[in-house]
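Listed below, chain by chain, are the residues.
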Amino acid sequence: MTNEIITSSAADLAARLAAGEISSVEVTQAHLDRTSAVDGAVHSYLHVDFDGALATAREIDTRRAAGEQLHPLAGVPIAVKDVMTTKGLPTTCGSRILQGWIPPYDSTVVAHLKAAGMPILGKTNMDEFAMGSSTEHSAYGPSHNPWDLERIPGGSGGGSSSVLASFQAPLATGTDTGGSIRQPAAVTGTVGTKPTYGGVSRYGLVALASSLDQAGPCARTVLDTAMLHEVMAGYDPMDSTSIDEPVPAIVEAARRADVTGLRIGIVKELTGEGFQAGVQQRFDESVQHLVDAGAEIVEVSCPSFTYALATYYLILPSEASSNLAKFDAMRYGLRVPPEDIDDPSAEQVMAATRDAGFGDEVKRRIILGTYALSSGYYDAYYGSAQKVRRLISDEFTAAFEKANVLVSPTAPTTAFKLGDKLDDPMAMYLNDIATIPANLAGIPGMSLPSGLAPEDGLPVGFQILAPAMQDQRLYAVGAALEARLLHAWGAPLLASAPDLTAVAKGTSR
Amino acid sequence: MSATRPWSGPDLGVSRSLDRGGLGCRAGEPDHGAEANRLTGMSELTRADVAHLAGLARIALSDAELDKMVGELGIILESVATVQNAPIADVAPMSHPMPLMNVARPDEVRPSLTPQAALAGAPEQDEQRFSVPRILDED
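Along each chain, residues carry numbers from 1 onward, in the same order as the chain's sequence is written. Numbering of ligands from 1 and lettering of chains from A proceed in the order in which they are written. A pLDDT threshold of at least 70 governs which residues receive local features in this predicted model, and a stricter bar of 80 or more applies before side-chain atom pairs are shown or counted, although totals over entire chains, interfaces and linings include all residues. Side-chain metrics in this entry use all non-hydrogen atoms of the structure; hydrogen atoms and water are not considered.

### Some remarks on the packing of helix H11 (residues 308-323) of chain A against helix H14 (residues 379-402) of chain A
Residue and element names in this part refer to chain A. H14 packs onto H11 with a crossing angle of 125 degrees between their chain directions and a minimal axis gap of 9 Å. Classified by the angle their axes make, H11 and H14 are oblique. Relative to H14, H11 is oriented so that their crossing is left-handed. Along the contact surface, H11 presents Ala-308, Thr-311, Leu-314, Ile-315, Ser-318 and Glu-319, while H14 presents Tyr-381, Tyr-382, Ala-385, Gln-386, Val-388, Arg-389 and Ile-392. A fitted line through C-alpha atoms represents every axis, and for helices the fit uses only the stretch in contact; the resulting angles, taken between N-to-C directions, go from 0 to 180 degrees. Note on conventions: DSSP H or I runs of at least 4 residues are helices, E runs of at least 2 residues are strands, and numbering of each starts at the N terminus. We call two directions roughly parallel when the angle between them is under 35 degrees, roughly antiparallel when it is over 145, roughly perpendicular when it lies between 65 and 115, and oblique otherwise. With the far helix as reference, a near helix turned anticlockwise by less than a right angle produces a left-handed crossing, and one turned clockwise produces a right-handed crossing. Throughout, a residue-residue contact means that at least one pair of heavy atoms, one from each residue, lies within 4.5 Å.

### A short note on unusual backbone geometry
Following A:Gly155, the chain continues to A:Ser156 via a peptide bond in cis, the omega torsion being 5 degrees. Residue position: A:Ser156 is located in the loop between strand E3 (120-124) and helix H6 (158-165). The backbone of B:Arg58 sits at a positive phi, close to 55 degrees, despite the residue not being glycine. In this fold, B:Arg58 is placed in the loop between helix H3 (47-56) and helix H4 (63-80).

### A few points about the side chain of A:Ser161
Residues and elements named next belong to chain A. Structurally, Ser-161 can be placed in helix H6. Only protein chains enter the area calculation, which uses a 1.4 Å probe; residues under 20% of their type maximum are buried, those over 50% are exposed, and those in between are partly exposed. Judged by its relative accessible area of 3%, Ser-161 falls in the buried class. Under this definition, polar contacts are N or O atom pairs within 3.5 Å; protein pairs additionally need one hydrogen-donor-capable and one acceptor-capable atom, and for neighbouring residues in sequence, both atoms have to be side-chain atoms. For Ser-161, the side chain forms a polar contact with the main-chain oxygen of Pro-153, separated by 2.7 Å. Excluding residues within four positions of it along the chain, Ser-161 makes contact with Pro-153, Pro-184, Ala-185, Thr-188 and Thr-190.

### Side note on the layout of surface pockets
All names here are of chain A. Here a cavity denotes a set of grid points, spaced 1 Å apart and computed over the protein atoms alone, in which a 1.4 Å probe fits but from which it cannot get out, and a pocket denotes an open set meeting protein on both sides within 12 Å along at least five of seven lines; residues with an atom within 4 Å of a point are reported as lining. Grid points are joined across faces, edges and corners, and a volume is the space filled by probe spheres set on the points. Its volume calculated, the second largest pocket comes out at about 750 Å³. Lining the second largest pocket are 36 residues, with Thr-7, Phe-167, Arg-220, Pro-492 and Leu-494 positioned closest to its centre. Of all the secondary structure elements, the ones that give two or more residues to the lining of the second largest pocket are helix H1 (2-6), helix H2 (10-18), helix H3 (24-42), helix H8 (222-232), helix H9 (250-256), strand E10 (445-452), helix H17 (471-489) and helix H18 (500-504). The element best represented in the lining of the second largest pocket is H17, accounting for five residues. Residue polarity is assigned by list, with Asp, Glu, Lys and Arg as charged and Ala, Val, Leu, Ile, Met, Phe, Trp, Tyr, Cys and Pro as nonpolar; anything else, Gly included, falls into the polar class. Taken together, the residues of the lining of the second largest pocket sort by class into 22 nonpolar, seven polar and seven charged.

### Re the pairing of strand E11 (residues 459-465) of chain A
All names here are of chain A. Counting buried positions along E11 yields seven of seven residues, so the element is predominantly enclosed. Of the two faces of E11, the one carrying Pro-459, Gly-461, Gln-463 and Leu-465 and the one carrying Val-460, Phe-462 and Ile-464 are both buried. Here E10 runs beside E11; their pairing, made up of seven bridges, is antiparallel. Of the residues in E11, the one forming a bridge with Leu-452 is Pro-459. For two strands to be treated as a pair, DSSP must find no fewer than two bridges joining them. In sequence, E10 turns back onto E11 through a hairpin of six residues, with Gly-457 there showing a positive phi of about 70 degrees.

These values are about where atoms sit, not about what they do.
If you want it as structure tokens, here you go:
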């Protein structure tokens, strides 16, 4: 029974909850039991809220029994990335500087989840302040890829991707600044969407780079992703960049899964050289599936994408160095007095605290951003990057005149081994090469599994990009491809992932 | 309830030692040239440059951290400097993915944090206020 609950889709659970076939307490308890059994080995969570999740589940069961009309996802539990403030639950953003911080308010996304009646199972691990592609920059240790515990689950949202791939939760939230939803989804065989910038409120999300950050849904199926997307999205007056328009009809698009006559553009610069052979092979097969489903293929070229990585690693550190200045050891978070100074000043306490509280990658990016914004170099670095950003955005606009959506592999390789790229920041940054352009332009993107690479048996991700506020196109294409792949495979990809209960025995916390 | 004045962080001596956006205060500072002179050429960050930048960013790096970061930042800078090779001569900079406009709300009282909630995460508090180390230098 338990096993069958945890491998169910959120849509199935929702339907059975609504029909009274199972209770939210049963569903929530099954996932918490799974966490007790496997998270010692996977380490998806930084904090598990056993009591809070079950309390919400009980309340939903009571309200449902009383005949109350509930949200379709009421009673379906969810894991929340630790970048989102949760009133009464720790929010660390994977950083020591926020260790033990209990926010006094909920982010808008979390408020939406609570309003929908979704039990919050816990807070998922992430690279510190979302800076990374592997969770190895988490101050609390990395998460592990359920396909191979020696490998990375992607980042920064590796806690959310691994929590789904290890069946500890049917749904999870993510944030995507340069690929932090899509790349983790790709390397774990799960699904994730970065919505149009402004589609989901940023209120209560610990900011990394404010012009790039966007929260979005993570799940194991395209329909589940759409259902969660709908809960998270919508106009919020608390976020001045929130889009005051209706959420696109994403759930309907996922259910219709229709790509007939759709023009699909293959971005020349995001395929071929630099992409692992098995990644390219699964990509090509998926494109053929879409052709078989009635789509047309066109090739598009976006030459400025070759500068996207450099542009991103100037814009992001610049914005991050400014955003992270708020960690000053005064109002919340860590305060560490310098060891060698009597009666230190606030400035000295701040500097000592930030040295003790930030990890290496965060320090690197803050200092890089400080440099890129410094007066003698502003035009050469940050100013140039902003101009290239315009070129990239314009090339997307031109590409979307030829194609309704664009596609590429999500990440250049399958999951690499923990430790492999930790000492080589530039090699780590290259993981985001295909996902970054969407953030620079603010357009929506999705990753879904396209199979296992023949050479290593690890999951490969297929990326779909659409014009701003056309998020529903992602779901139409994603659902059409998913249906054909599922038919070809005979079972969901994750059914062939290793059985973790055996592996996890003995390492349980 | 006398301590409700907004408090935006310690006095960082901004006008004296900071002239960049890293802490949100680049505009209008007079000594741009002097700042540039303190840093050496692009992609050739010296240990002293990194120490200076770390000071501006308020991170008290150890000697070992400084040594490591000089090499790493050099490699990263060399790579990101390639943005200058893009055809950007007549391109307008883009700071944001969507048109930004100032957003105002009606001037109405609405629920907000209680002082207790706002202070709950403070490292130190006193008389319903954030308690901070001294903010002035001794000189």
